Number of protein chains: 2
Amino acid sequence: MVRICRQARTGHWNIRLSQADEIGKLVFGFFNEVGIINQLATRQLESKLPGGLLISHFGVINHLMRLGDGRTPLQIATAHQVPKTTMTHTLAGLKKAGLIEFAPNPSDARSKCVMLTEAGRAFHAQAIGAIVPEFQSLLSDIPAEEFAAALPFLQRLRAYMDTARD
Amino acid sequence: MVRICRQARTGHWNIRLSQADEIGKLVFGFFNEVGIINQLATRQLESKLPGGLLISHFGVINHLMRLGDGRTPLQIATAHQVPKTTMTHTLAGLKKAGLIEFAPNPSDARSKCVMLTEAGRAFHAQAIGAIVPEFQSLLSDIPAEEFAAALPFLQRLRAYMDTARD
DNA sequence: ACTATTTGGTTCGATATCGTATTAAATAAA
DNA sequence: TTTATTTAATACGATATCGAACCAAATAGT
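An account of the accompanying structure is given in this report. It should be emphasised that the depicted structure is a prediction, and the values quoted were computed from it without experimental measurement.

Residues and elements named next belong to chain B. Taken together, the neighbourhood of DNA strand C is formed by 21 residues, with L74, K84, R110, S111 and K112 sitting nearest. Backbone atoms, meaning sugar and phosphate, form 64% of the atoms of DNA strand C found within 4 Å of the protein. One of the side-chain N or O atoms of K84 is found 2.7 Å from a base nitrogen in DNA strand C. In the model, a phosphate oxygen of DNA strand C is placed 2.5 Å from a nitrogen or oxygen of the K112 side chain.

Structure below.
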């Protein structure tokens, strides 16, 4: 697909413009699809979340359920690739909703540990319960194998982009 | 991967819970990667955009460049899967930045046609010029073929999710 | 023709996101 | 030890997103 060709007159090696254009369209189209799928999935999920909470909230709760609570705000922020100031705000919302509590961080007085409350765990169960039927309906039309096949590339791409940002 | 099994006692066909759980994790992981890739790509692109404009702005300009201007706000909003009220706001920003103009819609007095200005086209060229090097660096680590291989599934998934939302 | 409903767009208010600047604790340097 | 730098978190302000309510034009129903 990537064709390098040599300009006869100058002797320089270049990507032919039309080819580069094609590739640009390809990568661009890829990220475009990713963006729209994300948009659609976000809306779909958010419409099922109890109590008018948003993906940002669910994301944090889900993170704490999967990896265990007691993490610091900064850890959660970097895991979700959002600025820490955004996480401060999201956590404030979760606290107000009674889904998390803060505990002092024994190893650093500046920091905190984010703890799930019982209501937080219940919220997670409820949200998962609401989402599972959506997944089942999705999987009845698009087989799980295809998701499994697509996943490794996304993981690799994510890992690359993650390290490449400076 | 999807294993349907029959309960000997009742005779009912069911997805075994552990399997369903695995599948949930799979689909969930998929959308999670999509979300983070989108996040990273957005940040990356946004940091390169001239004039402090955002993806939402670039998205509209790019849309008009690709498909031709003269589209209505609502058409653009649905194409981008955002509420029309969001598009009103985005278009106001673009107008204030001098990148678009509004023309009356000859076939509907309530509506408008969104037209690109010269500055709008220049902005697009400049943005593309800033993005292309990013793509090239990306493609030097992840070959274009892999993007090409991943794209069809994403397109199919998007199309499905698009029609399935009600 | 006349009313009812739908549709394109904006306004408004509530909340989210994020960059900049700030505070306080931790760590490094002297 | 004292000072300088880094680091965790927050405060604040500017802008984005989005739902509800609204208006006016278009279309449907009668």
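Attention now goes to the relation of the copies chain B and chain A. Aligned on chain A, chain B shows an RMSD of 0.1 Å; the corresponding rotation is 180 degrees and the shift along the axis is 0.0 Å. Both copies are brought into coincidence by an operation consistent with a two-fold rotation axis. Most of the interface of chain B is mirrored in chain A, where 100% of its interface residues are also at the interface.

What the rule picks out here adds up to 16 aromatic pairs over all chains. With 6.1 Å between their ring centres and 65 degrees between their planes, F28(A) and F135(B) make a pair best called edge-to-face. Of the two residues, F28(A) sits in helix α1 (residues 17-48) while F135(B) sits in helix α5 (residues 118-141), which places them in two different chains. Aromatic side chains F30(B) and F31(B) sit 5.4 Å apart centroid to centroid with 85 degrees between the ring planes, which places their arrangement in the edge-to-face category. Side by side, F30(B) and F31(B) carry an identical accessibility label, which is buried. Feature note: the residues F28(A), F30(A), F31(A), F153(A), F58(B), F135(B) and F147(B) constitute an aromatic cluster, connected by ring pairs. Over the aromatic face of F102(A) sits the side chain of K112(A), whose NZ or CZ is 3.9 Å from the ring centroid.

Taken residue by residue, the interface counts 53 residues in chain B and 53 residues in chain A. Where chain B packs against chain A, one counts 4 salt bridges. Applying the counting criterion to the chain B and chain A interface returns 10 residue pairs in polar contact (both at pLDDT 80 or more). Looking at the side of chain B that touches chain A, the elements with two or more residues in it are α1 (17-48), α2 (55-67), α3 (73-80), α5 and α6 (144-164) of chain B. Examining the composition of the side of chain B that touches chain A, we find that 20 residues originate from one element, α1(B), more than from any other.

Here we take up the nonpolar core. Counting 84 residues, the largest nonpolar core has F30(A), F31(A), L157(A), F30(B) and F31(B) as the members making the most contacts within it. Two domains share this core, each providing at least three of its residues, namely domain 1 (1-48) and domain 2 (53-164) of chain A. For F30(B), the residues in contact, after removing those within four places along its chain, are F147(A), A150(A), L151(A), L154(A), F153(B), L154(B) and L157(B).

This paragraph deals with the protein's contact with DNA strand D. DNA strand D sits among 21 residues. The nearest are L74(A), R110(A), S111(A), K112(A) and R110(B). At the protein interface, 62% of the atoms of DNA strand D within 4 Å belong to sugar or phosphate. Here R110(A) contributes a side-chain N or O atom positioned 2.3 Å from a base oxygen of DNA strand D. Interatomic distance of 3.1 Å between a backbone N/O atom of A109(B) and a phosphate oxygen of DNA strand D. Contributing elements (two or more residues each) for the surface near DNA strand D: α3 (73-80) and α4 (84-96) of chain A together with α2 and α4 (84-96) of chain B. Sort the elements by how many residues they give to the surface near DNA strand D and α4(B) lands first, with 4 residues. Here the residues of the surface near DNA strand D sort into 5 nonpolar, 10 polar and 6 charged.

Here is what the cut-offs are and how they apply
Residues numbered from 1 in each chain as written. Chains lettered and ligands numbered in written order. Predicted model: local features only at pLDDT ≥ 70, side-chain atom pairs only at ≥ 80, totals over all residues. Heavy atoms only, no water. Near = heavy atom within 4 Å. Polar contact = N/O pair within 3.5 Å; in protein donor to acceptor, adjacent residues only side chain to side chain. Least-squares fit on C-alpha atoms with pLDDT ≥ 70 in both. Contact = heavy atoms within 4.5 Å. Phe/Tyr/Trp six-rings, centres within 6.5 Å; stacked < 30°, edge-to-face > 60°. Helix = DSSP H or I, 4+ residues; strand = E, 2+ residues; numbered from the N terminus. Buried < 20%, exposed > 50% of the residue type's maximum accessible area, 1.4 Å probe, protein only. Lys NZ or Arg CZ within 6 Å of the ring centre and 35° of its normal. Salt bridge = Lys/Arg side-chain N within 4 Å of Asp/Glu carboxyl O. Core = buried A, V, L, I, M, F, W, Y, C linked by side-chain atoms within 4.5 Å. Domains from an automatic or database assignment. Nonpolar A, V, L, I, M, F, W, Y, C, P; charged D, E, K, R; others polar.

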